[in-house]
Amino acid sequence: MANIYRKIGNNIYVFMQKLNLPLEEFAEKMSYSKKDVWNVIEGKVMLPPIELEKIALVLGVTKEQLVMNEPERLAPNLEFMKEFSDPDNLDKVLDLMDEYVEIREAI
């Protein structure tokens, strides 16, 4: 996976799915909004170590598993990530998309 934050976000999503933990319930346990959870899953935010520890505790995994695990599957909204052979190009495209969304939300 290209970006470490996207990798962590995808791992969080995969571990949530393995636990059958709904997004709303995870958000409530973490005191996050649903939008905050999606921002984490999509790799849009940098999580400090203390937050990674809290997330790992909620998911019943280690912090290292969240960071180092190479997921066997991708979150449904991240499936397109497999189509890029060059991770740098993937990062550029996703960064541009994120910028576009932020601009649209600001307008």
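Moving on to the pattern of salt bridges. As enumerated under the stated definition, the model contains five salt bridges in all. Of the charged contacts in the structure, one is a salt bridge between E25 and K29, with a shortest N-O distance of 3.6 Å. In this pair, E25 and K29 both sit in helix α2 (residues 23–30), four residues apart, roughly one turn of the helix. Owing to a relative accessible area of 37%, E25 belongs among the partly exposed residues under this scheme. Salt-bridge contacts for K54 lead to E51; the nearest nitrogen and oxygen are separated by 3.1 Å. Of the two residues, K54 and E51 are both situated in helix α4 (residues 49–59); the distance of three residues between them amounts to about one turn of the helix.

How two helices pack is summed up by the angle between their axes together with the distance between the axes. Where helix α1 (residues 4–18) contacts α4, the two axes come as close as 10 Å, and the packing angle between them is 20 degrees. As far as their axial angle goes, α4 and α1 are roughly parallel. Relative to α4, α1 is oriented so that their crossing is left-handed. For the pair α1 and α4, contact is made by I8, I12, F15 and M16 and by L52, I55 and L59, respectively. The class makeup of the residues in the contact of α1 with α4 is seven nonpolar, no polar and no charged.

About the criteria used
- Residues numbered from 1 in each chain as written.
- Predicted model: local features only at pLDDT ≥ 70, side-chain atom pairs only at ≥ 80, totals over all residues.
- Heavy atoms only, no water.
- Salt bridge = Lys/Arg side-chain N within 4 Å of Asp/Glu carboxyl O.
- Helix = DSSP H or I, 4+ residues; strand = E, 2+ residues; numbered from the N terminus.
- Buried < 20%, exposed > 50% of the residue type's maximum accessible area, 1.4 Å probe, protein only.
- Axes fitted to C-alpha atoms, helices over the stretch in contact; angles between N-to-C directions.
- Parallel < 35°, antiparallel > 145°, perpendicular 65-115°, else oblique.
- Left-handed = near helix turned anticlockwise from the far one by under 90°.
- Contact = heavy atoms within 4.5 Å.
- Nonpolar A, V, L, I, M, F, W, Y, C, P; charged D, E, K, R; others polar.

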